[in-house]
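A closer look at the structure
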Amino acid sequence: MLTSGKSYNLAQLFSGEYSIVIPDMQREYCWSSEVSSINNKNLVKNFVSDLLKSDRNQTVQLGLLYAYESPKNDLQLCDGQQRITTIYLLLGYLCNRVQKPETKEAIKQFLVCETVYNRNRLKYAIRETTLHFLNDLVENYYLTNEGSNEENTAKFIKEQDWYFNEYDLDPSIQNMLLALQDFETFKEHLDDDFAYFLLNKIEFLFFDMVNRSYGEEQFVVLNTTGEPLTKTENLKPQFLGDLNQDDVIFENNTKTELGYYADLWEEWETFFWRHKNKAHKTADKGFNEFLRWIYILEKVTIKDTVESDKQKYSKAQKAIAQETFNIFNLNEEHNKTKTLDIINEYFKTIRLLSKDKKLLNRFLFQEKSLTQIALFEWLPILYFAKHFKVDLEDKYFKNLQQFIKSRAKDDNVSKASITTSIRAIQIVKKMVLKNEQDIAQYDVYQDVASETILDRIAKFKFDILIKSSNRDSVENAFAKAENLKTTQGNITFMLVAQQNQMTEQELLVNKFDLEAFKNLIAIVEYSFENHSNLMRRALLTFGFYDTWHGNTTSLSSYRYSLGNSPQYYGEIANDFDHEFHITILKYLYAVQQLQPLSKDMLNEWMESKISEYECTNEDIYNKVRCKLIKNKELINAMEQNFYCVSYDETKAYILYKQKVTGKNSYKQIL
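Residues numbered from 1 in each chain as written. Predicted model: local features only at pLDDT ≥ 70, side-chain atom pairs only at ≥ 80, totals over all residues. Heavy atoms only, no water.

**Some points on the pattern of salt bridges**
Applying the stated criterion across every chain, the model contains 23 salt bridges. Ionic pairing is found between Glu289 and Arg292, a salt bridge with its closest N-O pair at 2.9 Å. In this pair, Glu289 and Arg292 are both assigned in helix H12 (residues 284–299), three residues apart and thus about one turn of the helix distant. Assigned by exposure class, Glu289 and Arg292 land together as buried. Each of Lys108, Glu114, Arg119 and Glu139 takes part in a single network of salt bridges with overlapping partners. (Salt bridge = Lys/Arg side-chain N within 4 Å of Asp/Glu carboxyl O. Helix = DSSP H or I, 4+ residues; strand = E, 2+ residues; numbered from the N terminus. Buried < 20%, exposed > 50% of the residue type's maximum accessible area, 1.4 Å probe, protein only.)

**Considering the nonpolar core**
Nonpolar side chains in soluble globular proteins generally cluster together in the buried interior. In this structure, Phe290, Trp293, Trp378, Tyr445, Phe517, Tyr587 and Tyr643 are the most contacted members of the largest nonpolar core, which totals 151 residues. Sequence-distant contacts of Phe290, that is, excluding residues within four places in its chain, are made with Phe272, Ile343, Tyr346, Phe347 and Ile350. Among the nonpolar cores identified, the runner-up in size contains 67 residues, and Leu75, Leu134, Met176 and Leu180 belong to it. (Core = buried A, V, L, I, M, F, W, Y, C linked by side-chain atoms within 4.5 Å. Contact = heavy atoms within 4.5 Å.)

**Examining the packing of aromatic side chains**
The tally for this structure, following the rule as stated, stands at 48 aromatic pairs. Taken together, a centroid distance of 5.3 Å and an interplanar angle of 80 degrees make the contact between Tyr163 and Tyr167 edge-to-face. According to the relative accessible area criterion, Tyr163 is buried, its value standing at 9%. Look at Tyr167 and you get buried, because its relative accessible area is 3%. Arranged with centres 6.1 Å apart and planes meeting at 40 degrees, the rings of Phe287 and Phe290 form a pair that is tilted. Of this pair, Phe287 and Phe290 are both found in helix H12, three residues apart, which corresponds to roughly one turn of the helix. Three or more aromatic residues joined by ring pairs make a cluster, and in this case those are Phe239, Trp265, Trp268, Phe271, Phe272, Phe287, Phe290, Phe328, Phe347 and Phe365. Directly above the aromatic system of Phe544 lies the positively charged group of Arg625, at a separation of 5.1 Å from the ring centroid. (Phe/Tyr/Trp six-rings, centres within 6.5 Å; stacked < 30°, edge-to-face > 60°. Lys NZ or Arg CZ within 6 Å of the ring centre and 35° of its normal.)

**Some words on helix H4 (residues 101–111)**
If you check which residues of H4 are buried, you get Thr103, Ile107, Phe110 and Leu111. Buried positions in H4, seen along its axis, are confined to an arc of 95 degrees and lie on one side of it. Among the exposed residues of H4, those oriented more than 90 degrees off its buried face are Pro101 and Glu102. Tucked inside the fold, the buried residues of H4 contact helix H1 (10–13), helix H3 (81–95), helix H5 (128–142) and helix H8 (192–201). (Arc of directions from axis to C-beta.)

**Considering the pairing of strand E6 (residues 202–208)**
When strand E1 (residues 7–9) meets E6, the two strands line up antiparallel, connected through three bridges. When the bridges of E6 are listed, Tyr8 appears paired with Phe204. Examined bridge by bridge, strand E3 (residues 60–69) and E6 share six bridges and lie parallel to one another. Note on E6: the bridge partner recorded for Val60 is Ile202. (Pairing = 2+ DSSP bridges.)

**So, a nonpolar patch on the surface**
Taken together, Trp548, Tyr558 and Tyr647 make up a surface patch of nonpolar side chains, about 330 Å² in accessible area. Tracing the chain through its elements places Tyr647 in the loop between strand E11 (638–646) and strand E12 (652–657). Classification of Tyr647 as partly exposed rests on a relative accessible area of 38%. (Patch = residues over 30% accessible without salt bridge, like charges linked within 9 Å, V, L, I, M, F, W, Y side chains within 5 Å. Areas by Shrake-Rupley, 256 points an atom, 1.4 Å probe, with all protein chains shown as cover.)

**Focus: the state of the cysteines**
All told, the structure shown has one disulfide when counted by the stated rule. Through a disulfide, Cys615 is tied to Cys626; the S-S separation comes to 1.6 Å. Judged by the torsion about the S-S bond (75 degrees), the Cys615/Cys626 disulfide is right-handed. Here the residue Cys615 occupies a position in the loop between helix H27 (599–612) and helix H28 (620–630), and Cys626 occupies one in helix H28, the gap between them amounting to 11 residues. Look at Cys615 and you get partly exposed, because its relative accessible area is 34%. Of the cysteine sulfurs around Cys95, a residue in no disulfide, the closest is that of Cys113, at 16 Å. Under the relative-accessibility criterion, Cys95 is labelled buried at 2%. (Disulfide = S-S within 2.5 Å.)

**Comments concerning the sheet that holds E1**
In space, the six strands of this open sheet follow the order E1-E6-E3-E4-E2-E5, with mixed pairing throughout. Looking at the sheet topology across the chains shown, the edges are occupied by E1 and strand E5 (122–124). On average, each strand axis in the sheet is tilted by 40 degrees relative to the strand beside it, whichever way the strands run. (Axes fitted to C-alpha atoms, helices over the stretch in contact; angles between N-to-C directions.)

**Looking at a negative patch on the surface**
On the surface, a cluster of negative charge is contributed by Glu618, Asp619, Asp648 and Glu649. Within the secondary structure, Asp648 is located in the loop between E11 and E12. What makes Asp648 exposed here is its relative accessible area of 53%. (Lys, Arg positive; Asp, Glu negative; His and termini not counted. Charge placed at Lys NZ, Arg CZ, Asp CG, Glu CD.)

**Comments concerning unusual backbone geometry**
Leaving glycine out, the prevailing phi sign among residues is negative, and the prevailing peptide bond configuration is trans. Look at the link from Ser70 to Pro71: it is a cis peptide, with omega at -10 degrees. Considering the arrangement of structural elements, one finds Pro71 in the loop between E3 and strand E4 (74–79). The linkage connecting Gln595 with the following residue, Pro596, adopts the cis geometry, with an omega of -10 degrees. For Pro596, the position within the fold is in the loop between helix H26 (581–591) and H27. One non-glycine residue, Gln322, lies in positive phi territory at about 75 degrees. One can find Gln322 in the loop between helix H13 (315–320) and helix H14 (336–353). Even without a glycine there, the phi angle at Asn435 is positive, about 55 degrees. Tracing the backbone shows Asn435 in the loop between helix H19 (417–433) and helix H20 (456–467).

**Focus on helix H16 (residues 372–388)**
Here H16 is 17 residues long and its end C-alpha atoms lie 24 Å apart, about the 24 Å a rise of 1.5 Å per residue gives. Counted residue by residue, H16 has 14 buried out of 17 residues, so it is predominantly covered. Lys389 sits one or two residues past H16 and shows a positive phi near 50 degrees. (Expected span 1.5 Å × (residues − 1).)

**What to know about the confidence of the model for the protein chain**
For residues with low pLDDT, the predicted coordinates do not support detailed interpretation. Taken as a whole, the protein chain shows an average pLDDT of 88; of its residues, 94% reach a score of 70 or greater. Low pLDDT, under 50, characterises residues 212–231; the predicted model gives this stretch 51 contacts beyond four residues in sequence or across chains. (pLDDT = per-residue confidence, 0-100.)

This is the structure in structure tokens:
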């Protein structure tokens, strides 16, 4: 038995029938992917470099080794995992590269114990794949001469028949392979003398933690890098530490409480490792973001008062604003198994939703934490999917997604996302309370929905859906219109145009015509989604629609834009407080008369409108308008569709790109 408070070198620690066990409360092996803030090198390279620089005649103390023995001869490591694992991998790497037989034998005694069945002296209990990999690595690589001359150690190992595909999903294994690759950097210095130094001159001060309970407590406050553990790294021992490990009560009496939840945790870790963002070295950021979502959703209640004053933010709002949160406070009882069960329910939902490529690409496993407006979109559908156990093709699930996505594009919603995110969650929670899956049934939740989210047009669309005998077709038409770049989710002007009205206040549910609306979608697609100079000229025949775009000091002029994107025309059309929206509506009213509509017919009609237009010379703006309508070469030459009018309204210019130099310049047209 090792004596607490006494120093032991590696040859002594890894001797007799002793084995070092990395228990399930530990984090993954990660030193090869953690970078020092001092020299921007990973911790493996820094560690090996420091060892190589050490005086080999002197004993090097690597600090305390916290462990407890259970069962006999198995030292359960509470602190020192990263250092011990790195040294074990390093000595194994040296085993088939040293020259002296006695050195090779000493390393072999360090790596394995010949007198026991499971002879590896380093055992990972975090997950079975890590345990099996280390066994395979030692038996098939370290203790053989195969691959010792390979330039790319990791590549060679992955090509062996003993390397299984499952190993690719284990973060510890992948970091171990990276560590082996890092050793290649120092291979000219890794000799017999260095191996002797590691085995006999590297010492740890052993501290006996007596039992698991004390070991878990110690693990929470220590790690091998000398820095505090991250929240995610701290979680596992805190959650699993005091669970029952004796009574077999879970999964048809085949697992203990500890075994059951440890297996769940391993499943979560594997999933988040497999799907981690390419910019992340570990799965920690993705998993911590997942826990943030859960915390926010579980902390929101339908009775909450939503505050915009930062000093009065709720716990959920603080988490939305990227402030710290404590996942252990998820329920009032602070019941760890209850919290683990909640996490697992969300995990099962995340695993399902990750199969939807659009959701995967927009919300899951992102490089950075989701923004507030992204949380507005994501959290309500996550909660809905978890509670109602939906499949990806569920119509009500898709309807909720469409509604939330469209509202997220509203500037009023996005600017107030610290409050609207909470309101959106409350909407879904109220639906859950009333067991109502149809977002169109807004009477169920309008008492918790702000007018910013559930505005007049949202209610109008829902009223149409509820009363429609062909609801699926109407929903598809609305979704198609809302997903246009022109509308950015706001189809108010299209609903107004379909009913030949001028304002949204004049809209009537019984005047909605699905076929006319679908025709209007085609018009918007032909005209604005695929905007052209021909369309811009034809639109000018119905009135002005340009917007002020700053001043040009060199010309003493105001600058105006005729638009460069579909969104430009949608914003003008939906601005009912500005007279220019009438230009867009008049255009749409006129085009709706073309039956049957086609792209060619629309182009011919535009040419005729331009040809028939009669210029007026009332002021310089109308003169510019006339020139742009009648002279297609002029508007085609415009760069970014900008024109200028002088402050004294005597001159006009267009911005154009010179053919020879390619530079932008201004050309006077009046």
